[in-house]
Amino acid sequence: MMNLALAPYTSTLPVRPAPGSYLWWQEGLIYQVYPRSFMDGNGDGVGDLQGILSRLDYLQWLGVDAVWVSPIYPSPMADFGYDISDYTGVHPLFGTIQDFDRLLEEIHRRGMKLILDFVPNHTSDQHPWFLESRSSRDNPKRDWYLWHDPAPNGNPPNNWLSVFGGSGWEWDSTTGQYYYHAFLKEQPDLNWRNPEVQQAMLDAMRYWLDRGVDGFRVDVMWHMIKDAQWRNNPPNPDYRPHLATYEQLLPVYSTDQPEVHQIVAMMRQVLDEYNERMMIGEIYLPINKLVTYYGTNNNGAHLPFNFQLIALPWNARQIALAVDQYEGALPMGGWPNWVLGNHDQPRIASRVGKAQARVAAVLLLTLRGTPTVYYGDEIGMRDVPIAPEFVQDPQGINMPDLNLSRDPERTPMQWDDSPNAGFSTAGPWLPVADNYRRENVKVQRENPNSMLLLYRRLIALRRTEPAFRIGDYIPVPAEVNVMAYMRECGVSRFLVVLNLGHGTCFFMPSNLEIEGTIVLDTIPEREGIAVKRRVSLNGDEAMVVKLK
Ligand code: NOJ
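Residues numbered from 1 in each chain as written. Predicted model: local features only at pLDDT ≥ 70, side-chain atom pairs only at ≥ 80, totals over all residues. Heavy atoms only, no water.

Participant: What's the story with the site of the ligand in this structure? I'm lost.
Facilitator: Around the ligand there are 14 residues in total, and Asp79, His122, Asp219, His343 and Asp344 lie nearest to it. Arg217 has a polar side-chain atom sitting 2.9 Å from an oxygen atom of the ligand. Isolated, the ligand exposes 300 Å² of accessible area, and the fraction of that covered by the protein chains is 98%. Along the lines of polarity and charge, the residues of the shell around the ligand split into 4 nonpolar, 3 polar and 7 charged. (Near = heavy atom within 4 Å. Polar contact = N/O pair within 3.5 Å; in protein donor to acceptor, adjacent residues only side chain to side chain. Areas by Shrake-Rupley, 256 points an atom, 1.4 Å probe, with all protein chains shown as cover. Nonpolar A, V, L, I, M, F, W, Y, C, P; charged D, E, K, R; others polar.)

Participant: Would you explain unusual backbone geometry in this entry?
Facilitator: Glycine aside, residues mostly have negative phi, and peptide bonds are mostly found in the trans state. For Asn420, which is not a glycine, the phi torsion comes out positive at approximately 55 degrees. Mapped onto the fold, Asn420 is located in the loop between helix H14 (394–398) and helix H15 (441–445). The phi dihedral of Arg533 is positive, around 70 degrees, even though this residue is not glycine. Relative to the helices and strands, Arg533 resides in the loop between strand S17 (530–532) and strand S18 (535–537). (Helix = DSSP H or I, 4+ residues; strand = E, 2+ residues; numbered from the N terminus.)

Participant: Please clarify how the environment of Pro509 should be interpreted in this entry.
Facilitator: Within the element layout of this structure, Pro509 appears in the loop between strand S15 (505–507) and strand S16 (515–521). For the pair Pro509 and Pro448, spaced 61 residues apart in sequence, the C-alpha separation works out to 31 Å. Apart from residues no more than four positions distant in its own chain, Pro509 is found in contact with Val476, Ile514 and Arg533. (Contact = heavy atoms within 4.5 Å.)

Participant: Explain the sheet that holds strand S12 (residues 472–476) here, please?
Facilitator: Across a sheet, strands are paired by hydrogen bonds formed along the backbone, either parallel or antiparallel in direction. Ordered in space as S12-S13-S14-S19-S16-S17, the 6 strands form an open sheet in which the pairing is antiparallel. Every other strand in the sheet has two partners, leaving S12 and S17 as the edge strands with one partner each. Averaged over neighbouring strand pairs, the angle between their axes works out to 30 degrees when direction is ignored. Together, strand S13 (482–489), strand S14 (492–499) and strand S19 (542–547) form the strand contacts of helix H13 (residues 354–366), whose direction differs from that of S14 by roughly 150 degrees. Strands in contact with helix H16 (residues 451–464) are S16 and S19; relative to S16, the strand with the most contacts, it is inclined by about 130 degrees. (Pairing = 2+ DSSP bridges. Axes fitted to C-alpha atoms, helices over the stretch in contact; angles between N-to-C directions.)

Participant: Where do I start with the domain arrangement of the protein chain in this structure?
Facilitator: Accessible area lost on assembly of the parts is the figure often given for the size of an interface. Along its sequence, the protein chain is organised into domain 1 (24–120 + 195–463), domain 2 (128–180) and domain 3 (472–547). Contacts between domain 1 and domain 2 engage 24 residues on the former and 17 residues on the latter. In this structure, the connection of domain 1 to domain 2 is made through 0 salt bridges. Here domain 1 is connected to domain 2 by 6 residue pairs in polar contact (both at pLDDT 80 or more). By residue number, the principal contributor to the side of domain 1 that touches domain 2 is helix H7 (residues 195–211), which donates 4 residues. Grouping the constituent residues of the side of domain 1 that touches domain 2 by class yields 9 nonpolar, 9 polar and 6 charged. (Domains from an automatic or database assignment. Salt bridge = Lys/Arg side-chain N within 4 Å of Asp/Glu carboxyl O.)

Right, here's the structure in full:
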């Protein structure tokens, strides 16, 4: 088996730009680590904080500015950490609070930032708050969760559904009421209208901010407040049986309520008590609703996650239109951001194929706004098929016929060609991709044509060229499978041309005099070629042209 001796990760990337009037979360690149699957430091088959620490040199070499780590808190793991039983601790599976402090220190020493996942909508049903709340109707914490009497016929109080299948209401026979859970019944929703809940959760944020954490990715931000009258959700006319059962209704009363913005503003105020901290909101909503989460006068989330590149079909016209709509909908001072994947979505290389995943990388890293890269996408990792009897994700287990398990996109990072892809010395919690000996960080570092080096060179280009970090976005009309735009900062101008199709094509804009040189291309052999007036493109090719 090929075993390449590799040099240590020395960083030859352009240095991070000196801080100007833009902030780190605007100019930088965020990298999502799913901690169970990134690197196992203690040989138990599950990734951990020591593991992340041991790979920081890699992240620095790649050019990552901020690391977002999915939940590491104590949790019964019903939803793999998104069911938290203590907001101010570390699950022993991941390490100790000392490991956490060390990781944070080492991240900061490398000039990077750490973003924690914060899950305010629900706790674990094993959280001491919920154990108290469910113990009796007159417990002081009863109102910390969403308890409701049954309907007159004994049914749940309304028709709200759980995202993970079935009713959103769970009967509690001890106290004779239902509680609401937007996700698993093991994840009861908190009552954010209760000031004590607000105080306790904001204090949890302060706990991590005081330790030095640079920001939070806030889980399901648009779910946090529900209709005060508990009205039934209307049916979804577009529901089809292949969709998750949750899609049967339009969640107009259970999500995205106007008062949620007051809660988001409260969280923002806490962040503003500190220097240069930030908050990303996980929000799956159409553009016009999404942008309201920037808040009034930008008193909301710094970055409401923009999932359009995940939601849209891989179609040049639709994507170009959506970028224009998004750019147009951003409030004054609202900073854009882009995402291709995360731990809840099929991987980009599986969705659009290996060749187009390279085009997607160029798109993600040359659009205006902060990019977030999901671990493994930088080496083109694909979803790994997992036989039904081995599915671990509750979403997959609860709706077995709908192929909704998220395990395939959560498989171990492929580091090298050693057993378990260098992820762990033990059998990993989810299987490693069969092709890991060919597709891994070690092999790709040595191959100038690899996805990894494409990512790294794109990231370096962002570092070097203000046009990409902070420049204007100027759409250029194109046809059929081509999408084109310019990025411009002062006299520095670049043209990006992407072929989202597999066939060759020409791009010849009528209203733009193109003259320049290809400086980066998914086909590296084309770099250095001069272009004038028109550009010919291979199928699946994307290029960056430096204009004269
Ligand atoms: C969104 C998270 O990304 C997902 O993994 C989780 O299952 C749900 N929120 C519930 O917390």
